[in-house]
Amino acid sequence: MLASLVKVLLIEDSLAEARFLQEILRQANLRHFHLVHVKRLGDALAELSHGVASAHPYDVVLLDLTLPDSQGLASLPPLLQQTPNLPIVVLTNMNDDELAIEAVRQGAQDYLVKRQIDAKLLVRSLCYAIERKQAAEALQAKNQALATQVRESAVELDKAQQLNRFRSEFVSMLSHDFRSPLTTILLATGLLQNSGQKLTEKQKLLHFQHINTAIKNMAQMLDEVSLAGKAEAGQLQCQLSYLDIQEFCQGLVVELELSAAKKQIDLVFTCQGQVEKALWDENLLRHILGNLLSNAIKYSSAGSRVQFNLIARSEIVTFQIQDWGIGIPKADLQQLFQPFHRASNVGSTPGTGLGLAIAKKCIEACGGEIFVESQVGVGATFTVTLPPIAVAYE
């Protein structure tokens, strides 16, 4: 929509032509025009900058194609670069259709031959140039808004597809991985029920241990599934409480020493730097470090070692877990933290493929990062760093 006062910048080296155009605009009955005249392109660029800075920008430019410091269509690019939203009407002494088409192609809104100009033609050209430019900008804005909506819809569709894949793989995993511990429980309870009198106390104890282990495995899987669902829905939240992190890590090591001892693995914990009581999310930390330590033990060969290092610095805390196990193939590293993905060399070692995906989500919920270095047959090193926001000392 046109303003009541149209501000026009005339770039014309001929004073006579400038006065002629100014007089024509004075005769306009339907519009009020304020015309500012400059003779050179350099002066025009300076004037346009001043207009923008003063909060009274120009509405349209009348551009002569023959100037002391610029010739032909070479004047268009500097003007369009400085004020890309400003409509330009080109003036020339020649009735050249090819020049007119090229001027419009390069960004001008209209083209006028000086000898053919009258009040009606000039006013109409200026008004139409402004209106066409505004319409083009409105269309561009709508196109950009539509493109944004399309991108957002594509993202939402991708999320929905990922969620559907997650649910499908989840159901498949449940049906497969729950069958094994359930079978163990059924067999053990059946033997205890039907053959209890024939079993020795040692045999009974072994069956009870099998049942207990199967129940723990199922509980762990359910816990992982619950966390994975929250992670996929973006519902993981960091709930901070004061915690002695060194004592917490030592407690984890004690909990896992039995699992390590079964494989004759030496689980070693070290602490470097000054560690003070700070704010942590104990639940998320337990999932992060517990998973990484359990994996290190699970995929290490008997008689090897797992190293757990806690490194405290003034503005960051690092947890480093290193094993000398089977390692991770290079091809699997890119997808290592994707739900249900397992390395190609794990063989028959049990697992859901959710642990590392959950660990990464937990780390991100705490504002941290995780890195992995590995070589097949040599081992793997996982490094977790937590930023300053996770370390708020008393």
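Counting restarts for each chain: residues are numbered from 1 in the order of the written sequence. It should be noted that, the model being predicted, local features are given only for residues of pLDDT at least 70 and side-chain atom pairs only at 80 or more, the latter also being counted only at that level, while totals for whole chains, interfaces and linings use all residues. Neither water nor hydrogens contribute to the side-chain values; these are computed over all heavy atoms in the structure.

Caption draft 1: Representation of the side chain of Asn309. Mapped onto the secondary structure, Asn309 falls in strand 11 (residues 305-312). Burial status follows relative accessibility: with a 1.4 Å probe on protein chains alone, a residue under 20% of its type maximum counts as buried, one over 50% as exposed, and anything between as partly exposed. Judged by relative accessible area, which is 10%, Asn309 ranks as buried. Counting of polar contacts relies on pairs of N or O atoms within 3.5 Å, with two restrictions inside protein: one atom must be capable of donating a hydrogen and the other of accepting it, and residues adjacent in sequence are counted only when both atoms are side-chain atoms. At 2.9 Å, the side chain of Asn309 and the side chain of Gln307 are in polar contact. Discounting residues that sit within four places of it in the chain, Asn309 has contacts with Thr270, Thr318, Phe319 and Gln320. Counting from the N terminus, the helices are DSSP H or I runs at least four residues long and the strands are E runs at least two residues long. Contacts are assigned to residue pairs with any non-hydrogen atoms lying within 4.5 Å of each other.

Caption draft 2: Spatial organisation of the nonpolar core. Residues belong to a common nonpolar core when they are buried Ala, Val, Leu, Ile, Met, Phe, Trp, Tyr or Cys residues joined through side-chain atoms within 4.5 Å. One finds Ile245, Leu289 and Phe319 to be the most contacted residues of the largest nonpolar core, which totals 49 residues. Within the residue set of this core, elements represented by two or more residues are helix 8 (245-262), strand 9 (266-272), strand 10 (278-280), helix 9 (282-298), strand 11, strand 12 (317-323), helix 11 (355-365) and strand 14 (379-386). Here this core gets eight residues from one element, more than from any other, and that element is helix 9. Dropping the residues within four chain positions of it, Phe319 is found in contact with Ile245, Cys249, Trp280, Leu285, Leu289, Phe308, Asn309, Leu310, Phe382, Thr383, Val384 and Leu386. Core analysis: the second largest hydrophobic core is formed by 25 residues, Val38, Leu79, Ala103 and Ala108 among them.

Caption draft 3: Structural view of unusual backbone geometry. At Gln264, a position not held by glycine, the phi torsion is positive, near 55 degrees. Inspection of the secondary structure puts Gln264 in the loop between helix 8 and strand 9.

Caption draft 4: Region of interest: the packing of aromatic side chains. Note on aromatic pairs: the rings of Phe, Tyr and Trp (six-membered ring only in Trp) are paired at centre separations within 6.5 Å, and the planes decide the class, stacked below 30 degrees, edge-to-face beyond 60, tilted for the rest. Evaluation of the coordinates by the stated rule reveals two aromatic pairs. Considering the side-chain rings of Trp280 and Phe319, the 6.0 Å spacing of their centres and the 75 degrees angle between planes classify their relative orientation as edge-to-face. Residue Trp280 is found in strand 10, and its partner Phe319 is found in strand 12; the two are separated by 39 residues along the sequence. Per residue, the accessibility class of Trp280 equals that of Phe319, and both read buried. Over the face of the ring belonging to Tyr58 we find Lys7, whose NZ or CZ atom lies 4.5 Å from the ring centre. Either the NZ atom of lysine or the CZ atom of arginine qualifies as a charge over a ring when it sits within 6 Å of the ring centre and within 35 degrees of the ring normal.

Caption draft 5: Inspection of the packing of helix 8 against helix 9 at higher detail. For the pair helix 8 and helix 9, interaxial distance at closest approach is 10 Å and the crossing angle is 35 degrees. Relative to helix 9, the crossing made by helix 8 is right-handed. Where helix 8 approaches helix 9, its residues Ile245, Phe248, Cys249, Leu252, Glu255, Leu256, Ser259 and Ala260 are matched on the opposing element by Glu282, Leu285, Arg286, Leu289, Gly290, Leu293, Ser294 and Ile297. Each residue is assigned to one of three groups, with Ala, Val, Leu, Ile, Met, Phe, Trp, Tyr, Cys and Pro labelled nonpolar, Asp, Glu, Lys and Arg labelled charged, and all others, Gly among them, labelled polar. When its residues are assigned to classes, the contact of helix 8 with helix 9 shows 10 nonpolar, three polar and three charged. Helix axes are fitted to C-alpha atoms over the stretch in contact, other axes to C-alpha atoms as well, and angles between N-to-C directions run from 0 to 180 degrees. Each crossing gets its hand from how the near helix is turned against the far one by less than a right angle, where anticlockwise is left-handed and clockwise is right-handed.

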